[in-house]
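Next come the chains, spelled out residue by residue.
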Amino acid sequence: MKQKTTNIFKKILKPPETIVTLASLAISVLTQYPAITNKYIVNDDTNQHIWWMQQYLDNTLFKNDLLALYAKQLQPWGLQILYKTTSTIINPLILSKIIPIFLIIISSLFLFKLIKFITNSNTAGYIGFLLFATNINFIQAHSGGHARTFAYPLLILFLYFLIKKESKKSYILLLLQSLFYPITFLISAATSILNLFRIKQKRIKIIESPKKLLLLLLCLIFGLCILISHQKLTYNQKIGHLINKKEMIKNPAFYKHGRTEKLPTPSLIKEIDINLKSAIINKHNIEHHTKTLKSLKVQLPSSFINIFGSCIFLILLALLLTSKIKNKKHLPLELIYLFISSILLYEIASVVQPKILWPNRYVCYSLPILGIIIISSALTSQIQKNQKKSKIYLYATSIIIFISINLITILKINISNKPYKLIPDQFHKDLNIGLTDYSHNKDLFQFLRTLPKDAIIASHPTLSDAIPLFTQKRVFINHELSQPFYEKYWETIQKRTLALFKAYYSNNPDYIYDFCQKNNIDYLVIHEET
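As the structure is a prediction and not an experimental result, all values here were calculated from the model.

A. Looking closely at the overall build of the chain. Scanning the chain from terminus to terminus reveals 24 helices and eight strands. Carbon together with sulfur atoms contributes 63% to the accessible area of the chain, which is approximately 26300 Å² in total.

Written out as C-alpha cells, the structure is:
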C-alpha cells in the first residue's frame, strides 16, 4: 500500500514539474508580495472591475450608482459567480490579490508541460518557462484577479489538452473560457473547429468520433448562449447600447490623445510582429529597455531595439523550420490552426468592432504563446545538435541564451520604478509588475471612510479612481470608468466631466454650491497641485 502511494506521488510530482511549480510559486509570491502585504497596493484595473463587488459584503453600498452599474455590466458571469460565492469567506479585494498567485503557477506549469510534450525535451520546457515566468509583461497580464487574468491559463490549458488529443477536456475548457474571458472562447472555438479536419488521400476528413463531435457542438452552443445571454440580460437603459463602428469613427475619444486610442486599427503585420516576439522585446518595454541601456552607457534608439527583437525571432523561426524540414517533422497542426484563428478573428473584429471587442485582443494572448513555443523549440533544436555534450552543458547553455535575450527585461525591474507619466504623480505610483501604490493617499481614504455610507464625492477624476475601492463611497466620475463604449453612459459621463471641471477650477462659491446641489454632491475634494 505504501509503495502504491509513493508511486502515485512520484507520478504527480515529477522532478521537472516540481521544479517549475516551486519556481513559479516563488516568482508569483515575490511579484504579488507588495499587494498582499499592503492593502493600498492593487492592480489599477481593480478600480474598474473589482471595487463594486464590495456590494457582496454589504448590499447597501453603491446604491443607484451609475458607475457601479456600468462596472458590473462589464464583468463576465464566471467572474461574478466566483467572487459572489467566495465573498462569505474572503473579501473580494483580498481574493483579487491571491488569484494571480495560483494562475501564474497554472500558466507556468502547463506551458512547461505543453512545450515539453511538443518537443519531447525538458530543456525546451525550461526555456519556455523562463521566457514566460520572468517576463514582467506576462506577470502583469496575471495581476488583478479580473477577467483578463484568466486569459493565459485558460488558453494554455486548452492548447495543452488539444495537442495531447484529450479533446474532451479541451472542449469542456471552452465553457470555462466563455464564463471568464469570452475572447479566448472565440479563439479556442475557431481552433477546435479547424482542428476537426485533416486531408487524407486527397480528401478532407473529420477526425473526431461522433460522441466527441456532439460534445464539441454542445460546448460551442452553450458557450455562445452564455455570451449572448450576458449581452441581453445585462442591458440597462441608463447605460444604453454598445456603440458601432460608424459611431466610433465619428468619436474623437477613440483616436490619439482621446480617452482610449483604438483608431486607426493597427496593421495586422505589425500586430503579428509585436506579439510573436513579445517574449524577447515587448512593445510596452521598449522605452524601459532604452533607459536601461542608457544606464549602462549604451546609446541605442528604441527603433533599433524593436528591429533587433524582430531579427532574433525571425532567425530562430528559420532555424526551427530548417530543423523540422531536415528531420521530416512538422509543428503540431493545432498551433497552425491557433495562428489562423487568431488572424481571422483579428480581421473580423477590425470590421465589426467593438461588437466582439478590440482586434488586438485576438492576437495579444495567442501569438505570445506561439512565440514562446517557437523560440524555446528553436533554441533546443540547436543546442541538441551536439549530442556529445552532457545534459548539464545543455541546460547551462540554454539558460545563458535565455539570460542574454531577456537581460534588458530583467534589469528593468530594478531600474524603472517610476510614476506614470500620463497621470499626475501625486495620485499613485506604478510598481512595474502590474501593481499600483496608493499608500500616500491613505489618510484621505481613512477620512472619507468615516463619512455617511450614501455620501457622493466629487474630485479630480484620477484621484477619484481609488476612492470607491478604499472608502466604499460613491464618486461623481473617475478616470478609469470614463469610457466611451456605451452611448448613453458616455453622454452622461461627458456632461458630468464638463460640469465637474467648471466647478473644480471656479473661484465663484455660488457656482460651486449650485453644482453640488444639482448633482447631489456631498463633498468636493480639491487637490492643491491640480
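Now, onward.
B. Just the nonpolar core, in detail. Judged by nonpolar contacts, the single largest core of 136 residues is most densely connected at W51, F470 and Y489. When sequence neighbours within four positions are dropped, the list of residues in contact with W51 reads T46, F62, D65, L67, A68, A71, P468, L469 and L481. Judged by nonpolar contacts, the second largest core, of five residues, contains I41, I136, I433 and L435.

C. View of unusual backbone geometry. Here the amide bond leading from L263 into P264 is cis, since omega sits at -10 degrees, within 30 degrees of zero. Tracing the backbone through its elements, the reader meets P264 in the loop between α13 (245–250) and α14 (268–276). With an omega of 5 degrees, the peptide bond between Q353 and P354 qualifies as cis. With respect to the helices and strands, the residue P354 is situated in the loop between α17 (333–352) and α18 (366–383). A positive phi angle, near 55 degrees, is found at N120, a position not held by glycine. Locating N120 in the fold gives a position in the loop between α6 (92–119) and α7 (122–133).

D. Spatial organisation of the packing of aromatic side chains. Following the criterion strictly, the structure yields 25 aromatic pairs and no others. Taken together, a centroid distance of 6.0 Å and an interplanar angle of 80 degrees make the contact between Y70 and Y486 edge-to-face. In this pair, Y70 is assigned in helix α4 (residues 66–74) and Y486 in the loop between β7 (474–475) and α23 (487–504), connecting sequence segments 416 residues apart. The same class applies to Y70 and to Y486, which are both buried.

E. A nonpolar patch on the surface, seen in detail. On the surface, I336, I340, L344, I348, V351 and V352 cluster together to form a nonpolar patch covering roughly 490 Å² of accessible area. On the basis of relative accessible area, V352 is assigned to the partly exposed category, the value being 33%.

F. Spotlight on the side chain of E17. Relative to the elements of secondary structure, E17 occurs in helix α2 (residues 15–37). A distance of 3.4 Å separates the side chain of E17 from the side chain of K116, its partner in a polar contact. Ignoring any residue separated from it by four or fewer positions in sequence, one finds E17 in contact with L109, F112, K113 and K116.

G. Quick look at the packing of α14 against α17. Axis separation between α14 and α17 bottoms out at 11 Å; the angle between their running directions is 135 degrees. Considering the angle they form, α14 stands oblique to α17. Where α14 crosses over α17, the two elements pack in a sense that is right-handed. Residues L268, E271 and I272 of α14 form the contact with α17, whose own contacting residues are F339, I343, Y346 and E347. Broken down by class, the residue content of the contact of α14 with α17 amounts to five nonpolar, no polar and two charged.

H. Broad picture of the sheet that holds strand β8 (residues 523–524). Taken together, the three strands give an open sheet; going across it, the order is β7-β6-β8, and neighbouring strands pair in parallel fashion. One side of each edge strand has no neighbouring strand; the edge strands of this open sheet are β7 and β8. As defined by bridge partners, strand β6 (residues 456–458) adjoins β8 across two bridges and the pair is classed as parallel. Residue pairing across strands places I457 opposite Y523, the latter belonging to β8.

I. Just the packing of helix α9 (residues 151–163) against helix α10 (residues 167–180), in detail. In contact at an axis separation of 8 Å, α9 and α10 are set at 165 degrees when each is read in the N-to-C sense. It follows that α9 is roughly antiparallel to α10 by the angle criterion. Crossing geometry of α9 relative to α10 is assigned as left-handed. Packed against α9, whose contacting residues are L154, L155, L157, F158, F161 and L162, the element α10 presents S167, K169, S170, L173, L174, L176, Q177 and F180 at the interface. Split by residue class, the contact of α9 with α10 holds ten nonpolar, three polar and one charged.

J. Layout of the pattern of salt bridges. In this structure the tally under the stated criterion is eight salt bridges. Of the charged contacts, one joins D45 and R148 as a salt bridge, the two residues approaching to 3.3 Å between their closest N and O atoms. Here R148 lies in the loop between α8 (136–142) and α9 and D45 lies in the loop between β1 (41–42) and α3 (46–49), a separation of 103 residues in the sequence. Note on D45: relative accessible area 17%, which makes it buried.

K. The environment of L174, seen in detail. Looking at the secondary structure, you find L174 in helix α10. Residue class for L174 comes out buried when judged on its relative accessible area of 0%. Discounting residues that sit within four places of it in the chain, L174 has contacts with F158, F185, S188, A189, S192, L216, C219 and L220.

L. Local environment of helix α12 (residues 210–233). The end-to-end C-alpha separation of α12 is 34 Å, in line with the 34 Å expected for 24 residues at 1.5 Å each. Residues of α12 that are buried: L216, C219, L220, G223, I226, L227 and H230. Of the surrounding elements, those touching the buried residues of α12 are α4, α5 (77–86), α10 and α11 (182–194).

M. The side chain of T260, seen in detail. Along the chain, T260 turns up in the loop between α13 and α14. With residues near it in sequence (within four places) discarded, T260 still touches A253, F254, Y255, P484 and F485.

N. Structural view of the environment of M53. You can see M53 is positioned in the loop between α3 and α4. It is 7.4 Å that separates the C-alpha atoms of M53 and Y83, two residues lying 30 residues apart in sequence. If near-sequence neighbours (up to four positions away) are discounted, M53 is found in contact with Q75, L79, Y83 and P92.

Cut-off values and rules
- Residues numbered from 1 in each chain as written.
- Predicted model: local features only at pLDDT ≥ 70, side-chain atom pairs only at ≥ 80, totals over all residues.
- Heavy atoms only, no water.
- Helix = DSSP H or I, 4+ residues; strand = E, 2+ residues; numbered from the N terminus.
- Areas by Shrake-Rupley, 256 points an atom, 1.4 Å probe, with all protein chains shown as cover.
- Core = buried A, V, L, I, M, F, W, Y, C linked by side-chain atoms within 4.5 Å.
- Buried < 20%, exposed > 50% of the residue type's maximum accessible area, 1.4 Å probe, protein only.
- Contact = heavy atoms within 4.5 Å.
- Phe/Tyr/Trp six-rings, centres within 6.5 Å; stacked < 30°, edge-to-face > 60°.
- Patch = residues over 30% accessible without salt bridge, like charges linked within 9 Å, V, L, I, M, F, W, Y side chains within 5 Å.
- Salt bridge = Lys/Arg side-chain N within 4 Å of Asp/Glu carboxyl O.
- Polar contact = N/O pair within 3.5 Å; in protein donor to acceptor, adjacent residues only side chain to side chain.
- Axes fitted to C-alpha atoms, helices over the stretch in contact; angles between N-to-C directions.
- Parallel < 35°, antiparallel > 145°, perpendicular 65-115°, else oblique.
- Left-handed = near helix turned anticlockwise from the far one by under 90°.
- Nonpolar A, V, L, I, M, F, W, Y, C, P; charged D, E, K, R; others polar.
- Pairing = 2+ DSSP bridges.
- Expected span 1.5 Å × (residues − 1).

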